[in-house]
Amino acid sequence: MPSSSSPNAFQYAWRSPWIRLVVFLGAFYLLYRFAGQITTVLVDFAVAFLIAYLANPLLNWLEKGRVKRGLGVFFVLLLFLGLLGLAGALLVTVGGQFVQLFQNLPAQIDNLNRILDGTVQWLSARGVPGLADAQTRMTEALREWVANIGDNIVPLLQNALNSTGTLFSRLVSIGGIIGQVVLILLLSIYLMLDYARVNASLLRAFPRPWQPRVLELSDLIGTAVGGYVRGQLLIATFIGLFVWLGLSLIGIPSAAAIGFLAGAFNIVPYLGPIIGATPALLLALTLPSAGLKMILVVVVFVLANQIEGNFLSPYILSRTTDLHPVTVLLAILVGVALMGFAGALLAVPLVALSKLMLEKYYYPSRIYSQGP
């Protein structure tokens, strides 16, 4: 009879590295397919975990001030709901302005045509040929564009702003965005309440010998991503305030709402000024001295983009991610070239994480000190 200490068939087969490789690849494939079926759930959990991660330093600080964690979570939830309410109110304001703007655009085309007439006459008097035909084609193209907007976009905005509209009713009936936001809030509340316990549970999912390395890697990821998120929030806040104040001085309607849009979309580097400039220019078209207002709007957004690109992003992100400003700028440019806006969003935290991993694992290694 075989001894009790002799390996069974499974243990004997498991000794083969090829068997282990096949098993791990099969498990990874099944996990990948399963994750593809629950992508929405994973995204909701990731967003909720990010909210809990960002709120955890504030909750820890409140706990040090003898505020119970449950009450701290309540304060954070009120703050988050207040921001959501402010965002909703500002977006409704912009939407209402857009409805009025698009309905009045045909009349504004005549104002723009008068501005073009003056410009064409001034340039023609100085010997620039062919401008009359260009003006005619531009005016016809604008009239066609306005007609398309009136037929398509205006009804959509009106339904979205009307609480009894088809679009809003459909969203409520199927859960839609509202249900997803509620789910994310519930998940984030539980994660904020038991943040340490959830992290410990996630860590226990890995084999015990791996756990110290997993903990090290998670700390590095937290440092890189956390620094990037804090930096982007600071930059987005500055862009929103700068655009709001600049447009208010010019006299553009809904300046606060447009500033909010510019700041919110600036979470993706350089996108905020581009998104915010479009409604600002359209609203400027409805004002007296529309040509001058539009030029001033362009100046505000060009200044915002230049300050962000040349000073804020390199300086703030270099401080929060411990990267040189040139490295930050190059990382964003390479990310845009490779993956567009997604690359711009991911480039800096990936480079920051790579730098931390080099400092943690590569520089202390024998390969770095003695060569391969």
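Not measured: the values here are computed from a predicted model. Chains are numbered independently. Their residues run from 1 in the order of the written sequence. Residue-level local features of this predicted model are given only where pLDDT is at least 70; pairs of side-chain atoms are given and counted only at 80 or more, and the full residue set underlies all totals for whole chains, interfaces and linings. Heavy atoms throughout the structure, all of them, feed into the side-chain values; hydrogens and water do not.

Undergrad: I tried to follow the overall build of the protein chain on my own but got confused; where do I start?
TA: Secondary structure elements are taken from DSSP: a helix is a run of H or I of four residues or more, a strand is a run of E of two residues or more, and numbering for both begins at the N terminus. Looking only at helices and strands, the protein chain has 14 helices and zero strands in total. Shown N-terminal to C-terminal, the secondary structure of the protein chain runs as helices and strands in the order α-α-α-α-α-α-α-α-α-α-α-α-α-α. Each of the 372 residues in the protein chain was classed as buried or not, and the buried ones make up 31%. Contacts: residue pairs with any heavy atoms within 4.5 Å of one another. Contacts spanning at least 24 positions in sequence make up 66% of the contacts within the protein chain whose residues lie at least 6 apart. Buried, partly exposed and exposed residues are distinguished by accessible area as a fraction of the type maximum, computed with a 1.4 Å probe on protein chains only: under 20%, between the cut-offs, and over 50%, respectively.

Undergrad: Where do I start with helix 9 (residues 211–250) in this structure?
TA: Helical geometry: 3.6 residues make up each α-helical turn, so side chains three or four residues apart lie on a common side. Helix span, expected: 1.5 Å multiplied by one less than the number of residues in the helix. Taking 1.5 Å of rise per residue, 40 residues should cover 58 Å, and helix 9 covers 57 Å from first to last C-alpha, within 8% of that figure. Backbone geometry just after helix 9 places G251 at a positive phi near 100°.

Undergrad: Sorry if this is basic, but what is going on with a nonpolar patch on the surface here?
TA: Surface patches are defined over residues having more than 30% relative accessible area and no salt bridge, joining like charges when they lie within 9 Å and nonpolar side chains (Val, Leu, Ile, Met, Phe, Trp, Tyr) when within 5 Å. For accessible areas, the Shrake-Rupley method is used with a probe of radius 1.4 Å. Any residue's cover is judged against the shown protein chains and nothing else. The salt bridge criterion pairs a side-chain nitrogen of Lys or Arg with a carboxyl oxygen of Asp or Glu, the two atoms within 4 Å. Together, L50, L54, L233, I267, V334, L338, M339, L345, L346 and L350 make up a nonpolar patch on the protein surface, roughly 870 Å² of accessible area in all. If you list the elements that add at least two residues to the nonpolar patch, you get helix 3 (39–64) and helix 13 (325–362). For the nonpolar patch, the element with the most residues is helix 13, which contributes six residues. With respect to the secondary-structure elements, I267 resides in the loop between helix 10 (255–265) and helix 11 (271–284).

Undergrad: Teacher, can you tell me more about the packing of aromatic side chains here?
TA: The relation between two aromatic rings is expressed through the spacing of the ring centres and the mutual angle of the planes. Classification of ring pairs uses Phe, Tyr and Trp, with its six-membered ring standing for Trp, and accepts pairs whose centres are within 6.5 Å; under 30 degrees between planes counts as stacked, over 60 as edge-to-face, and the remaining range as tilted. Tallied over the full model, the rule gives five aromatic pairs. Between the aromatic rings of Y362 and Y363, the centroid separation amounts to 5.8 Å while the plane-to-plane angle is 50°, which identifies the pairing as tilted. Judged by its relative accessible area of 40%, Y363 is partly exposed. An aromatic cluster of three or more residues is present, and its members are F45, F49 and Y195.

Undergrad: Whenever I open this one, the side chain of D44 confuses me. Can you help?
TA: Relative to the helices and strands, D44 is located in helix 3. Given the relative accessible area of 4%, D44 is considered buried. Setting aside residues up to four positions removed in sequence, D44 forms contacts with Q180, L183, I184 and L187.

Undergrad: Explain the pattern of salt bridges here, please?
TA: Close approach of charged atoms allows side chains of opposite charge to pair. Here the structure, examined in full by the defined rule, presents two salt bridges. Taking the shortest distance from any N to any O, the salt bridge between E63 and R69 comes out at 3.1 Å. With relative accessibility at 14%, the residue R69 sits in the buried group. Between E216 and R213 there is a salt bridge; the shortest N-O distance is 3.0 Å. With E216 and R213 both in helix 9, this residue pair falls three residues apart, about one helical turn.

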